[in-house]
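In case you want the letters, here they are:
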Amino acid sequence: MEIIILTSFLRCVLNDNRVACSYAITAGVLAFLQSFLFLAFDAYDNIIISQKVKSVILSLDLTFSIIWSCIWFVGFCFLANQWNRSAHHYLLGTSSARASISFAFFSIPCWVRNSHFSVSTPVLSRANTPRVPGLPSPEGPVG
C-alpha cells in the first residue's frame, strides 16, 4: 500500500533525510565553483609565465579531480541508498531525486576523465614558454 503525503512543508524526498539533500546541493555548488576557477586558470594560461605556477595549478587540478571523483562516488552511493530506503511517496520531487542520483552517477566518469586529462597534459617545457617583451627569459640572460 502506497502512502502519498499531501503537505505544504518542504521535505527531503530522500528518506526525509536533510543531510542527503544538503550533500547533493553542496557538492554540486562547490564542484561548479571549482570548475569555474580552473576554467579561469585555463583562460589565462598564456599570461602565466612561471612554470612553477603552471605545474602547481596542474597538480591542484589533478588533486581536486580525484577528490571530486571520490565525493561524487560517495554521493551516488549515499543518495541511492536514501532513495531506496524512502518509505514515503511524494507527488512532487521524485523526478528531482532521480535526477540528482543520475547526476551524481554520471559525474563520476566526468571527473575521472578530467583527472586523466590532468595526468596526460605535459607540463610545458621552458623552450615552449611564450616570450614577453621586457621580461627576463626563463633560461636566463642570453649571451
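Scroll up to find the structure.
Bear in mind the structure is a predicted one, so any value in this text is a computation, not a measurement.

Participant: When you look at a nonpolar patch on the surface in this model, what are you seeing that I'm missing?
Facilitator: The grouping of Ile25, Val29, Leu30, Phe32, Leu33, Phe36 and Leu39 at the surface amounts to a nonpolar patch, some 750 Å² of accessible area in total. Tracing the backbone shows Leu33 in helix α1 (residues 18–43).

Participant: What exactly am I supposed to notice about the environment of Ser120 here?
Facilitator: The residue Ser120 is located in helix α3 (residues 94–120) in this model. When its relative accessible area of 45% is taken as the criterion, Ser120 is described as partly exposed. Here Phe117 takes part through its backbone oxygen, which lies 3.3 Å from a polar atom of the side chain of Ser120.

Participant: What's the story with the packing of aromatic side chains in this structure? I'm lost.
Facilitator: Scanning the model with the defined rule gives 8 aromatic pairs in all. Between the aromatic rings of Phe105 and Phe106, the centroid separation amounts to 5.1 Å while the plane-to-plane angle is 75°, which identifies the pairing as edge-to-face. Look at Phe105 and you get partly exposed, because its relative accessible area is 40%. Taking the relative accessible area as the measure of exposure, Phe106 reaches 53% and is therefore exposed. Linked through ring pairs, Phe38, Phe41 and Phe64 together constitute an aromatic cluster.

So, how was this worked out
- Residues numbered from 1 in each chain as written.
- Predicted model: local features only at pLDDT ≥ 70, side-chain atom pairs only at ≥ 80, totals over all residues.
- Heavy atoms only, no water.
- Patch = residues over 30% accessible without salt bridge, like charges linked within 9 Å, V, L, I, M, F, W, Y side chains within 5 Å.
- Areas by Shrake-Rupley, 256 points an atom, 1.4 Å probe, with all protein chains shown as cover.
- Salt bridge = Lys/Arg side-chain N within 4 Å of Asp/Glu carboxyl O.
- Helix = DSSP H or I, 4+ residues; strand = E, 2+ residues; numbered from the N terminus.
- Buried < 20%, exposed > 50% of the residue type's maximum accessible area, 1.4 Å probe, protein only.
- Polar contact = N/O pair within 3.5 Å; in protein donor to acceptor, adjacent residues only side chain to side chain.
- Phe/Tyr/Trp six-rings, centres within 6.5 Å; stacked < 30°, edge-to-face > 60°.

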